[in-house]
Amino acid sequence: MIYEALSRVECIDVAEPGVIPPTVFTRETPVVLRGLVRHWPAVEHGADDFDALRDYLSKFWNTRPVTAYVAPAEVQGRFGYNDAFNGFNFQAGSAPLAEMVERMKEQVASADGRSIYVGSTPVNEWLPGFREANPLSVPGDPLVNFWMGNRTTVSAHYDFPSNVACVVYGQRRFTLFPSGQVDNLYVGPIDRTPSGQPISLVDFDAPDFERFPRFKEALEHAQTVVLEPGDAIFVPSMWWHHVKALADCNLLVNYWWLDNAAFMGSPFTALMHAVMSIRNLSPSQRSAWGNLFNHYVFNADDTAIDHIPEHARGCLAELDENDVRRLRAELINRLNQ
Amino acid sequence: MMSNFEILNNVDHKDLRVVQGNPTTHGEGVHCCPAYTFEFRDLQNDFPLLLQEHSEGGFIPVALMGFEAGENLFIECDAWLVPTPPAYIRKGPFLIGTHKTEASELVRMMSVDTSHPRVSWDDGTALFQPLGGRTDYLEQTANLLETIFESAEHTKRFTAALDSLALIESITLDITLNDGSKNQLLGFYTVNEDMLKQLSAEQLSALSGEGFLMPLFMMLASLSNFTAMIKRKDQRL
């Protein structure tokens, strides 16, 4: 196993359960918040056994069908592409949460190695009232999702929002890499992904270093931790994270929030546009556009605009919501050709 | 109410909505409206297609919906009786036009009449997505406007061709209703069939080449709708 040799994620003390220390929000590196949600009734019920947690959840859940991924034993819970790389190695199904929980328990009891995974599901829509009964104060208007399954693995991927993930039941191992490690993580397609985000193709439990030699370099920069019920981790925006559920049954609740205004454009859409428009230019043109992108975007500071009268800076001025709307309309028109 | 056209944009018209349904209360209870050659085939199924003198000279085709101002025999219980009303009605408060940019380029732009009875700022169908993208409704309306814009040019050439061949004659319709009342329809023109019969093969071929022959015959065929319209009017008495 690769994990023993890796650096550990820094831990900080939580003075008061349910309160994220304010220093967390300005961090640029991950941090573990042991016991952040140990006071949650859901965590306390789960301390008995999974059935106690199930009974507790049944007070909240409704009959709305929820999407679950199921995979045969040979997948070993690592949801991703199939061997031929022309599809995925799992199937999606939907049923009410109560039924999904029963199916998960059956699979655990039969120990047949099949996996089931309900990923990234909005708490307010499937477990209304849960959030109020199990509170955590997170800035702004975060997206709150739950993730439930047996021994399943989410391959390393990044998310744009900042993230606090809380283990309610089971154990989860988080392995994290700074965004710059993208070169060493052997990331799969960006336009056809198993559940939204591009994923690393490396199997962390049995890395094929012949196929993925630079992954050794990535491991030099990795941090890992195992979270127990009640523990939480702060995953900064854009950090790659590989998440492996280690118990028979596992439940996690996470909070995603954006540090930028929601009306801004999507950076990923900008990347796709750049792939379409710039990636296939000649090396010299590409490098010229690289200079412009650095000048206007990546190293943006006042030197790009301070010689232009303030009223004439157009989209290079500070953008408010209406400016962004106008720019969006302009881009929609330009793209529609 | 006076029209108040503004160039449509996702900032000033962020919350502008278009109320659907209830044609009469939204200004659609009119007795005629402009018609475009692209829709003659559909319209001739229900409406008499006639011509009117245009204020700027020449003629424009119109779909007749009633015999007097404010009468629309194709709306009942404040709902359209036909599946597809004329495009001029369906386009609602929108208009497409050519505008000169700061760089003196001519670009086509969509405008909205903010005084139009269908325009609302709180209920109805939204034009823009929450972050400023276009809704399906706006896309569909923009497509319809494009179609109208292109057909308007063809329609103009169509009526000019009819005029140059002296195929346009005025029509006076005297209608006697069941209750004995008499109505007269004035100010409309139609195709002079006698003149049409005298056209040479070359003239007919030229009309056909321009795509004018089909709308011309659709106009003639549409006149049979008068009977059904008079019947409807009688039933309303």
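The structure presented is a predicted model; accordingly, all values stated were derived computationally and were not measured. (Residues numbered from 1 in each chain as written. Chains lettered and ligands numbered in written order. Predicted model: local features only at pLDDT ≥ 70, side-chain atom pairs only at ≥ 80, totals over all residues.)

1. Here we look at the overall build of chain B
Regarding its fold elements, chain B presents seven helices and 13 strands. Structurally, chain B occupies a C-alpha span of about 60 × 50 × 25 Å along its principal axes. A buried classification covers 26% of the 237 residues belonging to chain B. Restricting to contacts in chain B with at least 6 residues of sequence separation, those with at least 24 account for 71%. (Helix = DSSP H or I, 4+ residues; strand = E, 2+ residues; numbered from the N terminus. Buried ≥ 20, exposed ≤ 12 C-beta atoms within 10 Å, placed from the backbone. Contact = placed C-beta atoms within 7 Å.)

2. Some details on the sheet that holds strand β2 (residues 17-18) of chain B
Residues and elements named next belong to chain B. Strand order in the open sheet made by the three strands is β10-β2-β11, with antiparallel pairing throughout. Two strands lie at the open edges of the sheet, namely β10 (119-120) and β11 (125-126), each paired on one side alone. Relative to β11, β2 runs antiparallel, the two sharing two bridges. Looking at β11, one finds that V18 is bridged to T125. (Pairing = 2+ DSSP bridges.)

3. What about the confidence of the model for chain B?
The predicted structure's coordinates, where accompanied by low pLDDT, should not be read in detail. Counting all residues, the mean pLDDT for chain B is 93, and 100% of those residues have values of 70 or more. Model confidence for the complex: the whole-complex pTM is 0.81, and ipTM, which rates the interface, is 0.70. (pLDDT = per-residue confidence, 0-100.)

4. Concerning the nonpolar core
Proteins that are soluble and globular tend to have nonpolar side chains buried together. One finds L33, C166, V168, I233 and L252 of chain A to be the most contacted residues of the largest nonpolar core, which totals 72 residues. Looking at which element gives the most residues to this core, the answer is strand β9 (residues 162-169) of chain A, with six residues. Setting aside chain neighbours within four positions, we find L252 of chain A in contact with F146, W147, A165, C166, V167, V168 and R172 of chain A. Listed in part, the 38 residues of the second largest apolar core include L8, L43, L49 and F74 of chain B. (Core = buried A, V, L, I, M, F, W, Y, C linked by C-beta atoms within 7 Å.)

5. Things to note about helix α6 (residues 213-222) of chain B
Residue and element names in this part refer to chain B. Regarding α6, the residues found buried are P215, L216, M218, M219 and S222. For α6, the angular spread of the buried residues around the axis is 160 degrees, confining them to a single face. Residues of α6 that are buried make contact with α1 (40-43), β4 (49-53), α3 (136-164), β13 (182-191), α5 (201-209) and α7 (225-236). (Arc of directions from axis to C-beta.)

6. Side note on helix α3 (residues 97-110) of chain A
Residue and element names in this part refer to chain A. Its 14 residues place the ends of α3 20 Å apart at the C-alpha level, agreeing with the 20 Å of an ideal helix rising 1.5 Å per residue. By the burial criterion, the buried members of α3 are L97, M100, V101, M104 and Q107. Buried positions in α3, seen along its axis, are confined to an arc of 125 degrees and lie on one side of it. Exposed residues lying more than 90 degrees from the buried face of α3 are E106, A109 and S110. On its buried face, α3 sits against α2 (50-57), β4 (65-71), β5 (91-96), β6 (115-122), α4 (123-126) and β7 (143-149). Note on α3: the residue one or two positions beyond its end, A111, has a positive phi of about 50 degrees. (Expected span 1.5 Å × (residues − 1).)

7. Side note on the sheet that holds strand β8 (residues 94-100) of chain B
Residue and element names in this part refer to chain B. Strand order in the open sheet formed by three strands is β1-β9-β8, and the pairing between neighbours is antiparallel. On the outer flanks of this sheet lie β1 (5-7) and β8, each paired with one strand and no other. Averaged over all pairs of adjacent strands, the angle between their axes in this sheet comes to 40 degrees, without regard to strand direction. As paired strands, β1 and strand β9 (residues 106-113) are joined by three bridges and run antiparallel to one another. Of the residues in β9, the one forming a bridge with F5 is D113. Contacts between α3 and the sheet are confined to β8 and β9, with β8 contributing the most and set at about 65 degrees to the helix. (Axes fitted to C-alpha atoms, helices over the stretch in contact; angles between N-to-C directions.)

8. Details of unusual backbone geometry
Note: most peptide bonds trans; most residues except glycine with negative phi. A positive phi angle, close to 75 degrees, is found at M238 of chain A, a residue other than glycine. Mapped onto the secondary structure, M238 of chain A falls in the loop between β12 (232-235) and β13 (240-245). In this structure M238 of chain A comes out as partly exposed when scored by C-beta crowding, with 16 C-beta atoms within 10 Å. Phi is positive for D78 of chain B, close to 55 degrees, though the residue is something other than glycine. Structurally, D78 of chain B is set in the loop between β6 (75-76) and β7 (79-80).

9. A look at the domain arrangement of chain A
Segmentation of chain A into domains returns domain 1 (3-257) and domain 2 (267-335). Taking the mean C-alpha position of each, domain 1 of chain A and domain 2 of chain A sit 35 Å from one another. (Domains from an automatic or database assignment.)

10. Quick notes on the interface of chain B and chain A
On the side of chain A, seven residues touch chain B, which itself brings eight residues to the contact. Tallied by class, the residues present in the side of chain B that touches chain A amount to two nonpolar, four polar and two charged. (Nonpolar A, V, L, I, M, F, W, Y, C, P; charged D, E, K, R; others polar.)

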